[in-house]
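Read off the chains here:
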Amino acid sequence: MLSGMPFPRTAAAFLLPLVFTVDVVAQDAGYRLPPREVVDLLDAPNPPSVDFSPDASAMLSVERPVMPSIEDIVRPWVGLAGTRVDTQLRTERQTVFITGLSLAVPPGSDPQRIDLPKGARVGEVRWSHNSRRFAFTLATENGMELWTASVDDTKPIRVAQNLCGVLGDAFEFLPDGDNLLVKVSPKGLEAPRAPDVPRGPAIQETSGKSTPIRTYQDLLSDPYSEELFAYYATSEIARIDVATRKTTRVGSPALYASIQSSPDGEHLLVTRLERPFSYVLPANLFPQTIEVWTADGRLEKKIADVPMGETIPMEGVRTEPRSVQWQASARATLVWAEALDGGDPKKKAEWRDRWMSLAAPFTSEPREILRLAQRARGLQWMQSPSEVLATEYDRDRRWTKTALYDLDAPTAAPRIIDDRSANERYADPGSPVTRLSAWGTRVVRRDGVAIYRAGRGDSPLGARPFLDRYDLREGKSERLWQCAPNVYESFVAISTSGANTKPTIFTSYESPTEPPNYRERNLQADTIVSLTNFPDPTPQIRGVHKELVTYTRKDGVKLSATLYLPQGYTKGQKLPLVVWAYPMEFSDADTAGQVGGSPFRFVRLRGPSQLLFLTQGYAVMDDATMPVVGDPETMNDTFLDQIVAAAQAAIDKAVEMGVADRKRVGVGGHSYGAFMTANLLAHCDLFNAGIARSGAYNRTLTPFGFQSERRTLWEAPDVYWKLSPFLAAQKINEPMLMIHGEKDANLGTFPIQSERMYQAIKGNGGTARLVILPGESHGYQARESVLHTAAEMIEWFDRHVKRASGGGEAPIAGAEGDH
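Bear in mind that the values here come from a model prediction, so they are computed numbers and not experimental data. (Residues numbered from 1 in each chain as written. Predicted model: local features only at pLDDT ≥ 70, side-chain atom pairs only at ≥ 80, totals over all residues. Heavy atoms only, no water.)

Undergrad: I'm lost on the overall build of the chain in this one. Help?
TA: Looking only at helices and strands, the chain has nine helices and 48 strands in total. At 28 Å, the chain has a C-alpha radius of gyration in line with the 28 Å of a compact globule built from 819 residues. Its C-alpha atoms give the chain principal-axis dimensions of roughly 80 × 75 × 60 Å. Scored against the burial criterion, the 819 residues of the chain give a buried share of 57%. Counted over contacts in the chain with a minimum sequence separation of 6, partners at least 24 positions apart contribute 60%. Averaging the coordinates of the 92 positive side-chain charges in the chain and doing the same for the 101 negative ones gives two points 1 Å apart. (Helix = DSSP H or I, 4+ residues; strand = E, 2+ residues; numbered from the N terminus. Rg over C-alpha atoms; globule rule 2.2 N^0.38 Å. Buried < 20%, exposed > 50% of the residue type's maximum accessible area, 1.4 Å probe, protein only. Contact = heavy atoms within 4.5 Å. Lys, Arg positive; Asp, Glu negative; His and termini not counted. Charge placed at Lys NZ, Arg CZ, Asp CG, Glu CD.)

Undergrad: Help me understand the sheet that holds strand E45 (residues 660-670), please; the structure alone is not making it clear to me.
TA: Through backbone hydrogen bonds, the strands of a sheet pair up, either in parallel or in antiparallel fashion. Ordered by their spatial adjacency, eight strands build an open sheet running E39-E40-E43-E41-E45-E46-E47-E48, and the pairing between neighbours is mixed. Unpaired on one side and paired on the other, strand E39 (545-552) and strand E48 (768-773) mark the two borders of the sheet. Between one strand axis and the next, the sheet turns by 20° as a mean value, whatever way the strands run. The pairing of strand E46 (residues 689-693) with strand E47 (residues 736-741) spans four bridges and is parallel. The residue bridging Arg693 from the neighbouring strand is Ile739, located in E47. Of the strands in this sheet, E47 and E48 are in contact with helix H8 (residues 751-763), which crosses E47 at around 155°. (Pairing = 2+ DSSP bridges. Axes fitted to C-alpha atoms, helices over the stretch in contact; angles between N-to-C directions.)

Undergrad: Would you explain the nonpolar core in this entry?
TA: The nonpolar side chains of soluble globular proteins are, as a tendency, buried together. Core analysis: the largest hydrophobic core is formed by 61 residues, its most contacted members being Tyr551, Met621 and Phe687. For this core, the element with the most residues is helix H5 (residues 639-656), which contributes nine residues. Non-local contacts of Phe687, meaning those with residues more than four positions away in its chain, are made with Val579, Ala647, Ile651, Val665, Gly666, Val667, Leu680, Leu681 and Glu734. (Core = buried A, V, L, I, M, F, W, Y, C linked by side-chain atoms within 4.5 Å.)

Undergrad: I would appreciate a short explanation of the side chain of Ser131 in the present structure.
TA: Position of Ser131 among the secondary structure elements: in the loop between strand E8 (122-127) and strand E9 (133-140). Judged by its relative accessible area of 4%, Ser131 falls in the buried class. Setting aside residues no more than four positions away along its own chain, Ser131 makes contact with Ser53, Pro54, Asp55, Ser57 and Val151.

Undergrad: Is there a simple way to think about the packing of aromatic side chains in this case?
TA: Under the counting rule described, the total for this entry stands at 18 aromatic pairs. Aromatic rings pair up to connect Tyr582, Phe639, Tyr672, Phe675, Phe706 and Tyr720 into one cluster. One residue, Arg479, lies across the ring of Phe466, its end atom 4.2 Å from the ring centre. (Phe/Tyr/Trp six-rings, centres within 6.5 Å; stacked < 30°, edge-to-face > 60°. Lys NZ or Arg CZ within 6 Å of the ring centre and 35° of its normal.)

Undergrad: What should I look at first to understand the sheet that holds strand E16 (residues 256-261) in this one?
TA: In spatial order, the strands read E16-E17-E18-E19; together these four strands make up an open sheet with antiparallel pairing. With one partner strand each, in any of the chains shown, E16 and strand E19 (299-306) form the two edges of the open sheet. Strand after strand, the sheet turns through a mean of 15° between neighbouring axes, direction not considered. With seven bridges connecting them, strand E17 (residues 267-273) and strand E18 (residues 288-294) associate as antiparallel partners. Within the sheet, the bridge partner assigned to His267 lies in E18 and is Thr294.

Undergrad: Would you mind going over helix H3 (residues 223-233) with me for this structure?
TA: Residues that lie three or four places apart on an α-helix share one face, since the helix turns once every 3.6 residues. Counting buried positions along H3 yields eight of eleven residues, so the element is predominantly enclosed. Within H3, burial applies to Ser225, Glu226, Leu228, Phe229, Ala230, Tyr231, Tyr232 and Ala233. The inward-facing, buried residues of H3 abut strand E3 (77-80), strand E4 (83-86), strand E14 (235-241), strand E15 (246-254) and E17. Capping the start of H3, Asp222 holds a side-chain oxygen 3.2 Å from the backbone nitrogen of Tyr224, two or three residues further along. (Polar contact = N/O pair within 3.5 Å; in protein donor to acceptor, adjacent residues only side chain to side chain.)

Undergrad: Even after reading the chapter, I still don't get the environment of Met626, so can you show me in this structure?
TA: Relative to the assigned elements, Met626 resides in strand E44 (residues 626-629). Separated by 24 residues in the primary sequence, Met626 and Ala650 place their C-alpha atoms 9.5 Å from one another. Those residues in contact with Met626 that lie beyond four places of it in its chain are Ala581, Pro583, Met584, Ile643, Ala646, Ala647 and Met676.

Undergrad: For this particular structure, what's the right way to read the side chain of Asp264?
TA: Considering the arrangement of structural elements, one finds Asp264 in the loop between E16 and E17. It turns out Asp264 is buried and unbridged, and the closest side chain with the opposite charge, Arg331, is 4.1 Å from it. Within polar-contact distance, the side chain of Asp264 engages the side chain of Ser262 at 2.6 Å. Of the polar contacts made by the side chain of Asp264, one reaches the backbone nitrogen of Glu266; its length is 2.9 Å. (Salt bridge = Lys/Arg side-chain N within 4 Å of Asp/Glu carboxyl O.)

Undergrad: Any chance you could explain H8 here in plain terms?
TA: Between its first and last C-alpha, H8 extends 18 Å over 13 residues, near the 18 Å set by a 1.5 Å rise per residue. Where H8 is buried, its residues touch E47 and E48. Immediately downstream of H8, the backbone of Gly765 shows phi near 85°, a positive value. (Expected span 1.5 Å × (residues − 1).)

Undergrad: How should I be thinking about the pairing of E4 in this particular structure?
TA: The two faces of a sheet get side chains in turn, since along a regular strand they alternate between them. Of the two faces of E4, the one lined by Thr83 and Val85 and the one lined by Arg84 and Asp86 are each fully buried. In the sheet, E3 pairs with E4 via four bridges, with the strands oriented antiparallel. Counted as the bridge partner of Leu80 is Thr83 from E4. Linking two consecutive strands that pair antiparallel, namely E3 and E4, is a turn of two residues; a positive phi of about 55° is found at Ala81 within it. The sheet contact formed by E4 and strand E5 (residues 91-92) spans two bridges and is antiparallel. Bridged to Asp86 within E5 is Thr91. Linkage of E4 to E5, two consecutive antiparallel strands, is achieved through a turn of four residues, within which Arg90 is found at a positive phi near 55°.

Undergrad: Looking at this model, I keep getting lost on the pattern of salt bridges. Mind explaining?
TA: Between side chains of opposite charge, pairing is possible as soon as their charged atoms come close. Tallied over the full model, the rule gives 53 salt bridges. In this structure, the salt-bridge partner of Arg272 is Glu291, at a minimum N-O distance of 2.8 Å. On the criterion of sequence distance, the pair formed by Arg272 in strand E17 and Glu291 in strand E18 is long-range, its members being 19 residues apart. When sorted by exposure, Arg272 lands in the same class as Glu291, which is buried.

Undergrad: Would you take a moment to explain the packing of helix H1 (residues 36-43) against helix H9 (residues 783-802) for this structure?
TA: Two quantities define a packed helix pair, namely the angle between the helix axes and the distance between the axes. For the pair H1 and H9, interaxial distance at closest approach is 11 Å and the crossing angle is 140°. In this structure, H1 meets H9 at a crossing whose hand is right-handed. Contacts between H1 and H9 pair Val38, Val39, Leu42 and Asp43 from the former with Arg783, Val786, Leu787, Ala790 and Ile794 from the latter. Class assignment of the residues belonging to the contact of H1 with H9 gives a composition of seven nonpolar, no polar and two charged. (Left-handed = near helix turned anticlockwise from the far one by under 90°. Nonpolar A, V, L, I, M, F, W, Y, C, P; charged D, E, K, R; others polar.)

Undergrad: What am I meant to see in the environment of Ala359 here?
TA: Topologically, Ala359 is positioned in strand E22 (residues 353-359). Sequence spacing of Ala359 and Leu181 is 178 residues, and the spatial spacing of their C-alpha atoms is 22 Å. Ignoring sequence-local partners within four residues, the contact set of Ala359 consists of Ala332 and Thr333.

Undergrad: Would you mind going over the pairing of strand E38 (residues 527-530) with me for this structure?
TA: Of the pairings in the sheet, the one linking strand E37 (residues 514-522) to E38 comprises four bridges and is antiparallel in character. Looking across to E38, one finds that Glu520 is bridged to Val529. The hairpin turn running from E37 into E38, its antiparallel successor, is four residues long, and Asp526 in that turn takes a positive phi close to 55°.

Undergrad: Quick question: what am I supposed to make of unusual backbone geometry here?
TA: A negative phi angle is the norm for most residues apart from glycine, just as the trans form is the norm for most peptide bonds. Backbone torsion omega between Val105 and Pro106 reads 0°, so that peptide bond is classified as cis. On the secondary structure map, Pro106 appears in the loop between strand E6 (100-104) and strand E7 (112-113). Here the residue pair Arg275 and Pro276 is connected by a cis peptide bond, since its omega of 5° sits within 30 degrees of zero. Looking at where Pro276 falls in the secondary structure, it is placed in the loop between E17 and E18. Look at Glu315: it is not a glycine, yet its phi comes out positive at around 60°.

Everything listed here is a matter of geometry and, on its own, says nothing about what the molecule does.
Written out as structure tokens, the structure is:
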């Protein structure tokens with residue numbers, strides 16, 4: 001049961017700061033509620049999400065609950081080989097399910113409700129590439145089922161039971177566009193019985209090889225967990241004829257990590273995991289066998305035996321074939337990347353990677369089709385099998401480059417499509433727009449000599465998304481459409497296009513006062529048709545002021561934040577201020593100072609958002625940039641100096657604008673932002689208090705790197721020591737609230753990080769509060785957890801920031817008083 005103070009019922013409740021008394025001793029019990037206005041905001045229904053069919057002829061509206069219950073979060077699961085397995089559904093753990101589907105043909109017409117079973121929990125929905133059919137998974141007490149419906153007959157039919165989704169996708173449409181390839185749990189498989197007494201010790205041994213280990217979670221730990229993993233992850237491959245519902249088994253049961261049909265439907269690319277398993281690595285780094293089979297399951301070609309990934313260098317790659325995939329523009333041709341530098345990014349090499357190719361019938365030797373000076377970052381195939389966009393990444397410079405290659409002219413120089421710093425926002429030309437081919441593969445959309453590129457359109461004044469047509473022959477771009485000023489409209493998909501006309505596109509439109517809704521824009525005729533009309537779920541916050549502000553750090557680096565002021569704010573009022581941030585790394589000051597995001601987006605509060613402080617009379621500087629600028633190898637040497645200077649600049653800006661009281665400022669962040677928060681409290685006196693959620697505070701517990709740190713603890717012990725707020729706990733003389741999910745699965749942020757940090761502050765006489773949320777992972781999902789987190793955050797800053805000594809209350813104009 002939820003417990004908390006009675007809800008205020010006055011019309012002015014939203015505008016008023018709340019003052020309430022709570023017991024802060026460790027014996028606090030039960031979930032708490034924040035003020036009523038916060039509960040109402042967080043409980044406001046989500047508008048449906050929209051999924052257009054590939055040919056844009058139909059539109060699915062997908063409904064999800066605002067928040068799951070704690071019962072959904074704590075449903076039985078087991079952590080095995082880095083994967084959280086739903087033991088009932090035999091899939092990777094899922095906590096939020098789709099509860100409703102509606103189909104509109106064409107988009108914008110009256111939607112037809114899809115008849116789902118009562119209380120249905122839909123896992124995922126996927127369109128067939130021919131746009132005639134969609135399939136979805138359905139969670140039941142007896143496992144995960146697969147259902148399908150068509151645009152002509154929307155009554156769903158069940159086509160498979162007992163899906164197995166522990167290792168990757170459980171189903172895909174075959175190239176014919178109607179039938180399906182699935183992974184199912186074998187019949188008659190018996191679950192291993194937990195031993196009544198230990199069978200013996202768990203043993204690991206190393207043989208002198210360098211094996212840098214990241215802090216993975218939910219790993220195997222003993223022979224029984226190995227057996228349990230094999231039990232849940234073993235599957236069979238089956239082909240399903242939707243018309244007859246006939247199921248044909250393919251191959252024998254195994255640990256299938258992925259199965260992909262060739263574009264022509266005649267072959268299968270099969271990757272399966274092999275023993276021995278590891279107790280220190282997740283399943284994706286276990287040994288693998290990669291093979292090509294015939295469609296009915298006969299072995300045609302072994303591509304690779306991939307060993308355990310324990311010797312992969314830090315930030316490196318395997319030396320064996322990786323990213324093995326079907327060429328999207330050919331009937332049955334495999335492509336894969338191979339390292340030429342031993343997979344080691346620190347090794348000097350003229351060439352780092354190459355792309356290899358092998359076509360059916362797979363009897364010849366693989367051939368090299370591309371050689372890259374930097375690490376391969378993927379291929380995007382054009383409609384012509386000889387043309388491909390290849391992206392590579394320079395780790396040392398943090399630089400990305402994309403070029404168009406003609407494989408039929410290997411001596412011809414490629415056309416450079418994009419060549420810039422990976423952090424360069426303003427010069428980002430956008431990403432190529434793709435479409436689904438007749439085989440169901442994704443290729444770059446091309447009309448004549450031109451392709452299309454869509455981007456965010458970041459600028460000093462905020463993002464203005466765009467769509468360009470790029471002439472491959474001339475290397476020139478034509479701007480077809482861009483978001484208007486003072487609103488936010490983003491490109492979603494191309495509906496129709498041609499070489500001699502401007503396309504018709506789908507966009508999502510919003511403004512500070514208008515919720516996101518979908519539109520169809522005919523760029524040739526310059527007409528707009530509204531496709532959806534979702535109402536404002538939270539009209540009570542439309543008076544919130546939102547503004548992009550820019551300012552400069554003392555070292556000259558330009559910074560920015562989105563400043564929010566509460567509804568009813570009167571110019572000149574000095575409010576308590578919340579600075580919420582997350583540090584980012586940059587190689588140069590210019591890209592560090594570029595603005596991301598838009599001040600013209602619709603304000604929607606979800607989860608335990610820092611923007612909830614607006615309801616309690618605070619100003620909020622959200623996403624206050626905390627850039628760490630320098631050489632990628634050594635930038636963390638000055639991490640502390642840079643974040644302190646950035647925090648100082650943010651506060652100075654808010655005070656200069658006359659909206660903040662310098663004596664009442666709180667800081668907060670999530671994950672790496674929590675790490676930042678603890679360091680700011682330890683190494684400066686700018687803040688009255690802090691909120692640190694799901695953080696890591698002792699870097700000696702992440703010894704093989706953290707965030708973008710490339711050195712190990714043994715290579716840079718001073719940095720690991722200096723940047724660990726746990727080792728500076730005696731300096732934290734401001735109150736810090738720590739919140740952590742009991743089952744945090746994120747790399748490095750074990751719950752013990754917060755537990756030990758709390759003990760360190762307590763042992764050194766500091767003020768801290770630790771909240772461990774039952775069942776939650778790195779982010780918090782259950783309604784009970786979200787509302788409790790909001791209550792904790794508001795109460796903490798009300799006590800330690802708003803009512804800080806030397807600061808007076810700053811009631812919002814029109815407020816009648818505290819309650």
